[in-house]
Amino acid sequence: MSKTVASGADAFVEPRKETRPDFKELKSIEKERREILLRAELPFWRILMFWSGTCLKEIATDSLVWTTLIIYIGIRIYANVVDYVPDSVELLQKTNVGILGGFLSFFLVLFVNQTNGRFLEMYGFSKACSGRIQDVAGLAKAQLPIEVADRLVRHFNAAHIAGYVGLNAIGQGSPYSKTYFFDHYNEEAKLLTPAEMKEISRHDMDNSGLCMKELTTWCQQDVTDARIAGHIDTYQEKFFHDKILAFRAAMDGMYDYTDQPPHFFYIHFLVLLSALYLPLFAIDTAFAGGWGAEKAIGLDVLQGIIVFLQCIFVVGLRSLGTKMIDPYGDDLEDLSVINYVEGTLEICATIMKSKQPAKGAPSATTGLL
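Everything in this summary refers to the structure shown in the same document. (Residues numbered from 1 in each chain as written. Predicted model: local features only at pLDDT ≥ 70, side-chain atom pairs only at ≥ 80, totals over all residues. Heavy atoms only, no water.)

**A word on unusual backbone geometry**
In step 1: Residues other than glycine seldom take positive phi values, yet Lys190 does so here, at roughly 55 degrees.
In step 2: A relative accessible area of 58% places Lys190 in the exposed class. (Buried < 20%, exposed > 50% of the residue type's maximum accessible area, 1.4 Å probe, protein only.)

What follows is the structure, encoded as structure tokens:
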């Protein structure tokens, strides 16, 4: 990411400062994500004590919720001040806001179900990428010379990490940058040599998935070179290629879903319905709360709680669905990308360093024979 600054006849490219989270911030977000995942099985009273990772923050900052509550409170204050029953009370009794609420509930639940399906599908793509890398690492360790296997696994893990960085080019962007994400793991795990880094530098990793594509192709070339060198036969080569192409297909699936979120028309439709329904519900509930001799503070409080619960239902479902649209962002509810990357690197390191005891050593008796 850079910009050109010109002065007279001279022009130079000034690197643009990276504004996305650094690795320390990414790790902090990841740690909190993993903690939130462990809360699902806690007792209900402990679950209610949390603020982060809940719908409370979204509801507390949503202007529609406050507008709805203000409408209800304003009408009930007026009802407790006057001593007569306005004519509009009888007219509002003939309306049926509940029908609109039923339709809205259906569309909100459908929206959440669709976005949840997207979320789980993209989670499956992420785990599939990790799984195919582990498959190739196991095959490489068993069938290839160690230096050839190491090169292949290094390139494959580099493609994995570069794929998450390239997601910044589409959708809502990605918090995983080359500077703070790819370079960190590249230095830590020694994935690419300086010459290899120079070779892929022609691609803008932060704004393109082409770097991932090229590194994946390098993996295929590594396998083909191994076959040419006589380390594997054509059948084994095909098996390697199938795993590599399955990885690329899973990564492409992540890019495809990120590039095509749910239709804005649908989301606008839900927001419009919510913005019309909640104030109408507040008015309907407030006018039904009693006037003149029938008014009661206890009933006002109870009806107010019902209005607030309806706000939680509508705004909460809408926010939940919206948050699941892009699971590769920096929200606490998003997927644990760092966990997938580090887990894959750790498993690959374990596979590549694995050693069996000498063939002549006495074998353990399992009791199965």
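What follows continues from the structure just given.
**Focus on a nonpolar patch on the surface**
In step 1: A grouping of Phe44, Trp45, Leu48 and Met49 is seen on the molecular surface, where their side chains present a nonpolar patch of about 580 Å² in accessible area.
In step 2: In this fold, Trp45 is placed in helix α2 (residues 44-47).
In step 3: Accessibility expressed as a relative area gives 52% for Trp45, which makes it exposed. (Patch = residues over 30% accessible without salt bridge, like charges linked within 9 Å, V, L, I, M, F, W, Y side chains within 5 Å. Areas by Shrake-Rupley, 256 points an atom, 1.4 Å probe, with all protein chains shown as cover. Salt bridge = Lys/Arg side-chain N within 4 Å of Asp/Glu carboxyl O. Helix = DSSP H or I, 4+ residues; strand = E, 2+ residues; numbered from the N terminus.)

**Looking at the packing of helix α6 (residues 97-143) against helix α7 (residues 146-166)**
In step 1: Between α6 and α7, whose axes approach to 9 Å, the crossing angle comes to 170 degrees. Considering their axes alone, α6 and α7 lie roughly antiparallel with respect to each other. Across the interface between the two elements, Ser126, Cys129, Ser130, Arg132, Ile133, Val136, Ala137, Ala140 and Lys141 of α6 pack against Ile146, Ala149, Leu152, Val153, Phe156, Asn157, His160 and Tyr164 of α7.
In step 2: The residue makeup of the contact of α6 with α7, split by class, is 11 nonpolar, four polar and two charged. (Axes fitted to C-alpha atoms, helices over the stretch in contact; angles between N-to-C directions. Parallel < 35°, antiparallel > 145°, perpendicular 65-115°, else oblique. Contact = heavy atoms within 4.5 Å. Nonpolar A, V, L, I, M, F, W, Y, C, P; charged D, E, K, R; others polar.)

**Some words on the pattern of salt bridges**
In step 1: Counted according to the given criterion, the structure contains 21 salt bridges.
In step 2: In this structure, Lys27 engages Glu342 in a salt bridge whose closest nitrogen and oxygen atoms are separated by 3.3 Å. Here Lys27, found in helix α1 (residues 23-37), pairs with Glu342, found in helix α14 (residues 337-353); they are 315 residues apart in sequence, far enough to count as distant.
In step 3: With a relative accessible area of 28%, Glu342 lands in the partly exposed category.
In step 4: When the shortest N-O distance is used, the salt bridge between Lys243 and Asp135 registers 3.3 Å. Of this pair, Lys243 sits in helix α11 (residues 234-259) while Asp135 is found in helix α6, placing the two residues 108 residues apart along the sequence.
In step 5: According to the relative accessible area criterion, Asp135 is partly exposed, its value standing at 25%.
In step 6: A single network of salt bridges, built from pairs that share partners, joins Asp150, Arg151, Arg154, Glu196 and Asp222.

**What to know about α7**
In step 1: The end-to-end C-alpha distance of α7, which contains 21 residues, comes to 30 Å, matching closely the 30 Å that a straight helix rising 1.5 Å per residue would cover.
In step 2: Taking burial as the measure, the 21 residues of α7 include 17 buried ones, the bulk of the element. (Expected span 1.5 Å × (residues − 1).)

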